[in-house]
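# A look at the structure
What follows is the residue order along each chain.
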Amino acid sequence: MPETMPGSIALFAALAAYAVVGMLAVPAGGAVGHSAAHRAQAFAGLALAAALALHTLALALRWSALGHGPFTTMHEILSSSLWSLALIFALACWWVADVRSALPVVLPVWAVLAAWLLMADARAGHLPPTYATPLLYLHAVVGKLYLGLLLVAVVLGLVPALRRMAWGARRFAALADDRRLDELAHRFAAYALVADTLMLIVGAVWAQDAWGRYWAWDPLESWAFASWLALVAALHARATLRPSPCYFGLWLAGTFALAFLTFFGVPFLSTAPHKGAI
């Protein structure tokens, strides 16, 4: 990073703790109740709790120093998104035991965000006047909730597909059966759709307040709507076409890829005022 910012040391410590979680992921990805997997899951849980605590401290220190939340730069958005995805996954692990054994599946997403975060410019950004509204916080909360819930759905939904490979068949053999994982993936995807819908509604109200229109089909709005349609289509197809758990999981993965691009690509490539830099 080109300069030391408040919370940098805590952030690096958090990333180191996330790396420990990664090292424990493979042994933790065994059967629920298996002694070795149970111990690895317990240590991974402690490491994840430490990572989240340190990451929360890093975000709080930066927020206090700059006077605004992590909304303005790629570094801030990557950091807050890694934190929210890890937090939602941790809560899902506490709620549903089967999620714990799927820890190896979530790691590539965390690793991409962490590596990208290390390369991003950590300097303070410009806070646009359009961000001075409580709607920003509500929009950000439901947006991160949407992406986090969808990631949990993808993690569970991909296990049936991974079982078709030799490595996955061994690693996830003792996990819940495909129908159980498919049902859990469907449930989390439905929760994600609720959060996504709220994100679009709050975003439209914010747009009316900031720019005098609810919707203008700018690139970010268009991609966000496409992501919403993709998730609606996945849930509708499951209810009507009854795809196998494997194909439903792959459909959710494609939807998450579209959402990931919408969150981390379009806002920083588009020159439309929607990104707030006015």
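Treat the numbers as computed from the prediction; the structure is a model and nothing was measured.

## Quick notes on the overall build of the protein chain
- Assigned secondary structure in the protein chain consists of 11 helices and 0 strands.
- Mapped in sequence order, the helices and strands of the protein chain form the string α-α-α-α-α-α-α-α-α-α-α.
- With respect to the principal axes defined by its C-alpha atoms, the protein chain has extents near 55 × 45 × 25 Å.
- Within the protein chain, buried positions represent 52% of all 278 residues.
- Counting only contacts in the protein chain whose residues sit at least 6 apart along the sequence, the fraction spanning at least 24 positions is 79%.
- For the protein chain, the exposed area adds up to about 12,500 Å²; of that, 71% sits on carbon and sulfur atoms.
- Separation between the mean location of the 16 positive side-chain charges and that of the 12 negative ones in the protein chain comes to 10 Å.

## Points about the environment of V152
- Inspection of the secondary structure assignment puts V152 in helix α6 (residues 134-162).
- Its relative accessible area of 1% is what places V152 among the buried residues.
- Expressed as a C-alpha distance, the spacing of V152 and L85, which sit 67 residues apart in the sequence, is 8.8 Å.
- Setting aside residues up to four positions removed in sequence, V152 forms contacts with I88, F89, A92, V99 and F188.

## Quick look at helix α3 (residues 74-95)
- Its 22 residues place the ends of α3 31 Å apart at the C-alpha level, agreeing with the 32 Å of an ideal helix rising 1.5 Å per residue.
- Burial of α3 is extensive: 16 of the 22 residues sit out of reach of the surface.

## Examining unusual backbone geometry
- Positioned with a positive phi, W217 is a non-glycine residue whose angle comes to about 55°.
- Mapped onto the elements of the fold, W217 is located in the loop between α8 (178-211) and α9 (219-240).
- Here the phi dihedral of R242 falls at roughly 55°; this positive angle occurs in a residue that is not glycine.
- Within the element layout of this structure, R242 appears in the loop between α9 and α10 (245-264).

## Overview of the packing of α6 against α8
- Put simply, α6 and α8 touch, their axes get as near as 7 Å, and they point 160° apart. When the axes of α6 and α8 are compared, the pair comes out roughly antiparallel. Taken as a pair, α6 and α8 cross one another with a handedness that is left-handed.
- Of the residues contributing to the contact of α6 with α8, the split by class is 26 nonpolar, 4 polar and 2 charged.

## Things to note about the pattern of salt bridges
- Taken as a whole and assessed by the stated rule, the structure comprises 8 salt bridges.
- With its nearest N and O atoms 2.5 Å apart, the salt bridge here joins D121 to R123.
- Here R123 falls in the partly exposed class, since its relative accessible area comes to 43%.
- A salt bridge links E183 to R238, with the nearest nitrogen and oxygen atoms 3.3 Å apart. Taken as a pair, E183 in helix α8 and R238 in helix α9 lie far apart in primary sequence, 55 residues in all.

## Some details on empty space enclosed by the protein
- What the rule picks out here adds up to 1 cavity of 30 Å³ or more.
- Here the largest cavity defines a volume of roughly 140 Å³.
- In terms of lining residues, the largest cavity is bounded by 17 residues, among which P6, A58, L59, R62 and H75 are the most central.
- Of all the secondary structure elements, the ones that give two or more residues to the lining of the largest cavity are α1 (8-28), α2 (35-66) and α3.
- The biggest single contributor to the lining of the largest cavity is α2, with 4 residues.
- Across the lining of the largest cavity, the residue classes break down as 9 nonpolar, 6 polar and 2 charged.

## Brief notes about the side chain of E76
- Here E76 lies in helix α3.
- Overall, the relative accessible area of 2% leaves E76 in the buried class.
- Reaching out from E76, the side chain makes a polar contact with the side chain of R62 at a distance of 3.1 Å.
- In this view, E76 contacts R62, L66, H68, G69, P70 and F71; residues no more than four positions away in its chain are not counted.

Reading guide: rules and limits
Residues numbered from 1 in each chain as written. Predicted model: local features only at pLDDT ≥ 70, side-chain atom pairs only at ≥ 80, totals over all residues. Heavy atoms only, no water. Helix = DSSP H or I, 4+ residues; strand = E, 2+ residues; numbered from the N terminus. Buried < 20%, exposed > 50% of the residue type's maximum accessible area, 1.4 Å probe, protein only. Contact = heavy atoms within 4.5 Å. Areas by Shrake-Rupley, 256 points an atom, 1.4 Å probe, with all protein chains shown as cover. Lys, Arg positive; Asp, Glu negative; His and termini not counted. Charge placed at Lys NZ, Arg CZ, Asp CG, Glu CD. Expected span 1.5 Å × (residues − 1). Axes fitted to C-alpha atoms, helices over the stretch in contact; angles between N-to-C directions. Parallel < 35°, antiparallel > 145°, perpendicular 65-115°, else oblique. Left-handed = near helix turned anticlockwise from the far one by under 90°. Nonpolar A, V, L, I, M, F, W, Y, C, P; charged D, E, K, R; others polar. Salt bridge = Lys/Arg side-chain N within 4 Å of Asp/Glu carboxyl O. 1 Å grid on protein atoms, 1.4 Å probe; cavity = no way out; pocket = protein on both sides within 12 Å on 5 of 7 lines; lining within 4 Å. Points joined across faces, edges and corners; volume = space filled by probe spheres on them. Polar contact = N/O pair within 3.5 Å; in protein donor to acceptor, adjacent residues only side chain to side chain.

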